[in-house]
Each structure stands twice: as structure tokens, then as C-alpha cells.
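Below, each chain spelled out in residue letters.
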Amino acid sequence: MVLAISIPDQSNILGSGKLAIFGAKVHVDSFPGDGTTKSFALTQDNAVLGSEVVKVDGVPKVEGTDYTATHELGILKSIDFLTAPASGATIDVEYLYLDLPLGGASELSLKEDKDKGEINVDCSYSKIQIEKGAKIGFSFKDLLTVGDINLTTYFTGEIEEGGTYVRYTNGASKSGNIVVLGYSKEATLAHGAEAPKRIILIYGAMPNSLDIDISGATKSFDLTAQSYKIIDLK
């Protein structure tokens, strides 16, 4: 897959494209049911709408049928059940939350290597091309961020932060999750001001290579991923 990355603005690390890209982590909130409470607020500030997996006593629940995902501009705030979970029930909500801004993009293409065939999803705010299959591959190019050592350690190596300096030590590659927010206009203007039109969740991204320009903050790296989801907001 190919991601055409626009150089992001240093002030917000998003860029001039209509896609804003973030690293994301998994979090699980657990709540006790009391037979009365229907609304359960999530503990992470930047929870991603559509990434939630809701279970009551281990039984999966469906958004729109069992609960409503309440959000503000694509940030998931609470899970609101249509019927209050029973007293003594355990409510588990697993979700992604935005952890690290990675950059901006004007186009996103995903490629899966398995079956022949192609699905084109095109719209005014972004272009997404998906080739059917099982193995998902993609690449970032011309990525510029503030705090580029932190970005590097998101996928490889370790970081130590002291009082005088931050030290990066290279190491084995590690997987991460990526969230792409697609807006109807430039991400630098839209992020935080309007809800995204589309959210792409990429799970288990692992770098094949990571190139760092020591003289600046420009990077390119190829990734493969385990799975992805596409959420279109109504």
C-alpha cells in the first residue's frame, strides 16, 4: 500500500492533507452494573469512535441495538445502553485511544496479497483503494513530526528520558496500532473543529524498514498489518 504523505505543520503535526495519522494504544475499561445506570464514561480522553468492543458478562453487544456510542468530533466519550445492565453484571469496553501524532496524508491505499480483485472506495475527502486478500502492506513517505525520536521508538528500539537529554537506543521492531482520520477539508483546519468523515483503524502494524534522516525529521518506512476496519460516520 502507498500513503502519499504531506509535510505536516510543526504546530499540530497533522499536515496539509485531509488525512490525520496517529499511533494508538488499546485500553480496557471495566464497570460494575447496578441495574439502574445506563451511561458509562470512558477513562481515556482520546478514545476512537468505532474501535470499541463492548461486552456484558462476556457477551458482545451491538452498537445501535444494545448501546449508543456517544462521541464528540469522532472522540468516543461514553457507552450508553438502551437497557441498564443488571446489578452485579460486569461491563467491559475495549477500545483504541490516540497516543502519538504521526503525520498527515493526502491519499491512503491499502494492498492485501491473497485474492485477485479490487475494491475502490472513493470520495471527495480522501481516496482509498483496497485490493482483496489477507496480508496487508503499506508505506509512509516524507513524514515529518515534532519529537521524531518518540516516533521512531513507537516501532523500534527503546527511549530513556533524563533531566538533560532523551536517549534513543535502537532495538528490535515492535508492532503498533494506527488510526487515520479522514476529513472533508484540510486536516490542519478540521481536526478538533469538526468530526471526521471516515476513520480507518489499522491493527498490529509492524515496520519492514525504517529510514531516518539524521540531518532532519523526514522519514519513510514500510509496514505490514494484521487487520483493519473502516468506519464511516453518519
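Residues numbered from 1 in each chain as written. Predicted model: local features only at pLDDT ≥ 70, side-chain atom pairs only at ≥ 80, totals over all residues. Heavy atoms only, no water.

Asks: Mind laying out the nonpolar core, listing which residues take part and the relevant values?
Replies: Within the largest apolar cluster, 33 residues are counted, with the highest numbers of intra-cluster contacts made by Ile79, Phe81, Val93, Val179, Leu181, Ile199 and Leu201. Broken down by secondary-structure element, the contributors of at least two residues to this core are strand E2 (19-32), strand E4 (53-56), strand E6 (67-72), strand E7 (75-81), strand E8 (90-105), strand E15 (176-182), helix H2 (187-190) and strand E16 (198-212). Looking at this core, the element that brings in the most residues is E8, giving 6 residues. Not counting residues within four places of it along the chain, the set of residues in contact with Val93 comprises His27, Val28, Asp29, Phe31, Leu42, Glu52, Val53, Val54 and Ile79. Of all hydrophobic cores here, the second largest spans 13 residues; its members include Ile21, Leu100, Val180 and Leu223. (Core = buried A, V, L, I, M, F, W, Y, C linked by side-chain atoms within 4.5 Å. Buried < 20%, exposed > 50% of the residue type's maximum accessible area, 1.4 Å probe, protein only. Helix = DSSP H or I, 4+ residues; strand = E, 2+ residues; numbered from the N terminus. Contact = heavy atoms within 4.5 Å.)

Asks: How would you summarise the packing of aromatic side chains if you had to cite specific residues and measurements?
Replies: Counted by the stated rule, this structure contains 3 aromatic pairs. Relative to Phe40, the ring of Phe31 has its centre 5.3 Å away and its plane inclined at 45 degrees; by these criteria the two rings are tilted. The class of Phe31 is buried, set by a relative accessible area of 14%. Through a chain of ring-to-ring contacts, the aromatic side chains of Phe31, Phe40, Tyr67 and Phe81 assemble into a single cluster. (Phe/Tyr/Trp six-rings, centres within 6.5 Å; stacked < 30°, edge-to-face > 60°.)

Asks: Now, about unusual backbone geometry: what can you tell me, with residues and values included?
Replies: Notably, Asp57 is not glycine yet its phi reads approximately 55 degrees, a positive angle. Residue placement: Asp57 occurs in the loop between E4 and strand E5 (59-60). In this model, Leu73 sits at a positive phi of 55 degrees, which is unusual for a non-glycine residue.

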